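Structural overview
What follows is each chain in one-letter form.
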Amino acid sequence: MIRVGVLGARGRVGVEVCRAVEAADDLELVAAVDQGDPIEGLAGAEVVVDFTHPDVVMGNLEWCVSHGIHPVVGTTGFDAGRLATVRGWLDANPGVNALIAPNFGIAAVLMMHFAQQAARYFESAEIVELHHPNKADAPSGTARRTAELVAEARRKAGAAPMPDATSTELDGARGADVDGVRVHAVRLAGLIAHQEVILGGDGEILTIRHDTMNRSSFTPGVLLGVRRVRELPGLTVGLEHLLDL
Ligand SMILES: NC(=O)C1=CN([C@@H]2O[C@H](COP(=O)(O)OP(=O)(O)OC[C@H]3O[C@@H](n4cnc5c(N)ncnc54)[C@H](OP(=O)(O)O)[C@@H]3O)[C@@H](O)[C@H]2O)C=CC1
Ligand SMILES: O=C(O)C1=N[C@H](C(=O)O)C[C@H](O)C1
């Protein structure tokens, strides 16, 4: 049995994670911690799953790593600087590993992978992410990561800059520039989490779309991370590394 704690246990995703851990024969839910609960409640856990908020996740991670607990993190808001800080904590605590993934949905990971593969064949690529209006961050962690993967693939292929003759624009009309890739964020009642990667060339458009229909879709990926994190040395970023893509 792996002893598992959940941070953000009463949140939209945390509730689903707690349910999935409790239903698994090889996992034991030893702590369910949310806003206002003492973090020390996690002390008996071997692995802690974090689905909280970008503003608090770094403090949670530091506490887990310094207490010898392996974090599996779904909370977004990680940039290169934050990842470097986490690597520093792990270096100072040998034997503790961490998995951080902007999306634990298997289909979402495939969508990102396919976008990365397709990127070098097209002149243009833009990303539209669409989420529920209670989401804290924009653009989504998934969209940011997809843009980085697309940009990296284009750089490796020596792709020319994307054509864009815009010289007059309202602020925000062309979205956010993430590593040279435009990312547009929609916040709309009725949505959960969705993303389109639109790739354009001469007379052809390829659209790669992913739709999250419920939040239990994240739990198979989370449980995979919980089961594997103890054997993944140091910091792993992205669920794709556990999927043999
Ligand atoms: N990687 C992935 O696959 C996915 C990632 N996410 C990300 O996960 C995060 C959470 O999303 P979601 O579940 O929708 O958000 P919610 O707001 O529904 O849940 C977050 C929960 O964490 C609680 N919380 C806040 N601060 C702390 C703290 N310091 N300690 C413990 N609990 C705390 C919140 O309490 P309160 O409301 O009182 O502040 C809330 O109950 C976001 O960053 C989101 O982008 C979401 C879906 C999938
Ligand atoms: O906040 C959400 O809901 C989601 N957050 C993650 C992100 O920012 O990419 C994953 C998914 O899009 C749902």
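Note that this is a predicted model, so its numbers are computed, not measured. (Residues numbered from 1 in each chain as written. Chains lettered and ligands numbered in written order. Predicted model: local features only at pLDDT ≥ 70, side-chain atom pairs only at ≥ 80, totals over all residues. Heavy atoms only, no water.)

A few points about the site of ligand 1
Near ligand 1, the surroundings consist of 22 residues, among which Arg12, Asp34, Thr76, Phe104 and Lys135 are the closest. Contact between ligand 1 and glycine 11: an oxygen atom at 3.4 Å from a main-chain N or O atom of the residue. Arginine 12 is positioned such that a nitrogen or oxygen atom in its backbone is 2.8 Å from an oxygen atom of ligand 1. If ligand 1 stood free it would expose 910 Å²; the protein chains cover 77% of that surface. Most atoms of ligand 1, that is more than half of them, are within 2 Å of grid points of the largest pocket. (Near = heavy atom within 4 Å. Polar contact = N/O pair within 3.5 Å; in protein donor to acceptor, adjacent residues only side chain to side chain. Areas by Shrake-Rupley, 256 points an atom, 1.4 Å probe, with all protein chains shown as cover. 1 Å grid on protein atoms, 1.4 Å probe; cavity = no way out; pocket = protein on both sides within 12 Å on 5 of 7 lines; lining within 4 Å. Sits in = over half its atoms within 2 Å of the grid points.)

Details of the site of ligand 2
Within the structure, ligand 2 sits among Thr76, Pro102, Asn103, His131, His132, Lys135, Ser140, Gly141, Thr142, Ala193 and Phe218. For ligand 2, an oxygen atom lies 3.0 Å from a polar atom in the side chain of histidine 132. In the environment of ligand 2, an oxygen atom lies 2.8 Å from a nitrogen or oxygen atom belonging to the backbone of glycine 141. Within the complex, 84% of the 320 Å² of free accessible area of ligand 2 lies under protein. Cavity membership is defined here by more than half of the atoms lying within 2 Å of grid points; on that basis ligand 2 lies in the largest pocket. Of the residues in the shell around ligand 2, the class split is three nonpolar, seven polar and one charged. (Nonpolar A, V, L, I, M, F, W, Y, C, P; charged D, E, K, R; others polar.)

Brief notes about the UniProt feature "active site" (unreviewed entry) in the protein
Within the UniProt annotation, "active site" (unreviewed entry) is assigned to His131 and Lys135. Of the annotated positions named here, the largest cavity is lined by His131. Mapping histidine 131 onto the fold places it in strand S6 (residues 124-131). The residues contacting histidine 131, other than those within four sequence positions of it, are Ser140, Val186, Arg187, Leu188, Leu191, Ile192, Ala193 and His194. When residues no more than four places from it in sequence are discounted, the contact partners of lysine 135 are Thr76, Ser140 and Arg187. (UniProt positions renumbered as here; feature names shortened; annotations may be inferred. Helix = DSSP H or I, 4+ residues; strand = E, 2+ residues; numbered from the N terminus. Contact = heavy atoms within 4.5 Å.)

Notes on the pattern of salt bridges
Side chains carrying opposite charge are able to pair once their charged atoms draw close together. Under the defined criterion, the tally for this structure stands at 15 salt bridges. We note a salt bridge from aspartate 26 to arginine 227, for which the minimum N-O separation is 2.7 Å. Within this pair, whereas aspartate 26 is found in the loop between helix H1 (12-23) and strand S2 (27-33), its partner arginine 227 is found in helix H6 (residues 219-228), the two being separated by 201 residues in sequence. Overall, aspartate 26 belongs to the partly exposed group, its relative accessible area being 31%. (Salt bridge = Lys/Arg side-chain N within 4 Å of Asp/Glu carboxyl O. Buried < 20%, exposed > 50% of the residue type's maximum accessible area, 1.4 Å probe, protein only.)

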